[in-house]
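Topology and contacts: notes
Chain residues, written in single-letter form:
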Amino acid sequence: MVSDDGAGKPSKTFYIENNIIKGVKTKFDSSATGVGPLIMKVFNDKPNVVAQIEVETGKHTTYQEMKERSIRCALWLLKQNVGSGDVVTICTHNHLDSYVPCIATFFVGAIYNPWHHEVTLKTARHLMSLTRPKVIFACESAVEVLKEAARLEGVEAKMVVFEKHLELKTLKDIMRLQTNEEVETFKLPEIKDPSGIAMILFSSGTTGLPKGVAHSHRSLYRNTSSFGAMDDSKTLWYSSLYWISGTFCLLRSTLCAATRILHANFDAVETCKVIEKYKVDWFFVTPVMMIDFCKSKSLKKHKLDCLKVVLTGGSKVSRPILKEFKESLPNCAVAQAYGMTELGGVVSAQTKDCTKIESVGFVIPNMQLKIIDELSNKALGPNEVGEMCVKSDDKMLCYYRNPEATKATIDEDGWIHTGDRGYYAENGELFIVDRIKEVMKFRGHHVSAIEIEEVLLRHPDVIEAAVVPVPHDTDIERPMAFVKKIAASKVTEEELVELSSELGTYRKLWGGVKFIEEIPHTASGKVCRKELKEMAKLCSQ
């Protein structure tokens, strides 16, 4: 199979053998031990290139400035005896200095561990107990929750705040402590065990508390070393470091020596203005943002010819939304990708060879994928729906300090069971059907939540929809929809229930429709179905 990377570069990507799609193997530097040297090389080669521009203030940061600040933070970490095996937690929103402790942690070979800045005390206690960080860098709004969580869990972590604080040292304070001579003579410490843990990210937590996904220095290197220079590229994303997309967008932008356009909060109209003004050519957008763009019709009101590549992922995008989005950007390569935190990033991505707009593309190099029968575990052939299982040398090491969950996810042959149901076409093109845990049983029939959600999203007044099961004495489970609608819309519950009946009797919204101001999401941006299921139970009582 000959394909391209979404930007027009041809490459042989995969072949199919015994119903297993195998991405071609690429060569890596076997002597490489981590991502730190890759970052340092960019800093040394591109010192005067502007690394980031903050939209709200117009402030610029060059790669030379990034280098100096990252080294100053790394020196401080080393003086705290932080190194291999020590967890450094970063809990913050996106801002001009959020990259500093991230890159500094990679420089010293410690374990990078980003948290969401709006973490609740319950979740913070769970994460604190799980990772037991040695150092925490936090935004001011999260400090008190983190301090309380650390106290309750008996974790004695040194805490540094990004902004001002009456009791704690700030990032600027600790950077100021390092001398110019120390900065100029700094050398990256050697990572003696490339198979050791370099990064702990968290699973989405859609059905329970997040699990720590541990990746090695070697896998982090292999998952980022293919990023190449993109002269004068302007990149934009809104994911915080907590999301794997946020962390990898930062690494990608840095390793490509691109210029990041840092815009605080997404708004469809304002974001279009930012893209226009700064000539953004590479943009990562979530499915929810895609919906906002389409419902607001903002893409058609602005001249966005500068956009060359738009990537999306994280959850399935409905066909109508994806079609409208692509039609609004006719000169841009809009690619949907499929990936998992557990696999260190992308598994497949759309290319120009894709035949269906709703596919998630073709398996990328170094990945293997098979579709298995959920009862027999047999590898299925083309157009047969089953669970998607993925194998890669760069998959996670484990769920951190959770051997039971690790064993339940990675089988004896090294395959990660994704929990996603899908299939592949004769040409190897992949399609997501739904999540196994999101399939309901109505009178013995399997009902897909995603299928109903896609129908609801066709209504012009529906901004977002999430379907969950409601327990029922005779029907087993009835599908109920939670819907966010356009302000002042007159759409009714009856109208949407009738719309769902187009799918047939068994897929009708027998549980009804509930309009809410906002659909709850997890910190990683996915619909929090656990919370919605509890709400559905209360609504049905």
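Up top you'll find the structure we're talking about.
The structure reproduced in this document is the subject of the present report. Remember, it's a predicted structure, so these values are computed and weren't measured experimentally.

Strand order in this open sheet of six strands is E3-E4-E21-E22-E24-E25, and the pairing throughout is antiparallel. Here the strands that pair on one side only, and so sit at the sheet edges, are strand E3 (14-17) and strand E25 (430-435). Each strand axis lies, on average, 35° off the axis of its neighbour in the sheet, ignoring direction. Where E3 and strand E4 (residues 20-23) come together, four bridges link them in antiparallel fashion. Each residue of the ladder has a partner; that of Glu17, found in E4, is Ile20.

Turning our eyes to something else, we now look at the sheet that holds strand E17 (residues 309-312). Spatially, the nine strands line up as an open sheet ordered E6-E5-E15-E14-E16-E17-E18-E19-E20, and their pairing is mixed. A strand with exactly one partner marks an edge of an open sheet, and here the two such strands are strand E6 (60-62) and strand E20 (362-363). Of the strand pairs in this sheet, strand E19 (residues 345-349) and E20 are connected by two bridges, and their pairing is antiparallel. Residue pairing across strands places Ser348 opposite Val363, the latter belonging to E20. Of the strands in this sheet, strand E5 (50-54), strand E14 (234-236), strand E15 (259-262) and strand E16 (282-285) are in contact with helix H10 (residues 268-278), which crosses E14 at around 170°. Helix-sheet contacts for helix H11 (residues 287-296) involve E16, E17 and strand E18 (333-340), and the interaxial angle to E16 is about 105°.

So, about the state of the cysteines. Disulfides are covalent bonds that connect the sulfur atoms of two cysteines. This structure, assessed with the given rule, holds zero disulfides. No disulfide involves Cys332; its sulfur sits 9.0 Å from the nearest other cysteine sulfur, which is in Cys306. For Cys332, a relative accessible area of 12% translates into the label buried. Of the cysteine sulfurs around Cys528, a residue in no disulfide, the closest is that of Cys539, at 15 Å.

Rules used throughout
Residues numbered from 1 in each chain as written. Predicted model: local features only at pLDDT ≥ 70, side-chain atom pairs only at ≥ 80, totals over all residues. Heavy atoms only, no water. Pairing = 2+ DSSP bridges. Helix = DSSP H or I, 4+ residues; strand = E, 2+ residues; numbered from the N terminus. Axes fitted to C-alpha atoms, helices over the stretch in contact; angles between N-to-C directions. Contact = heavy atoms within 4.5 Å. Disulfide = S-S within 2.5 Å. Buried < 20%, exposed > 50% of the residue type's maximum accessible area, 1.4 Å probe, protein only.

In short, shape yes, function no, at least from these values alone.
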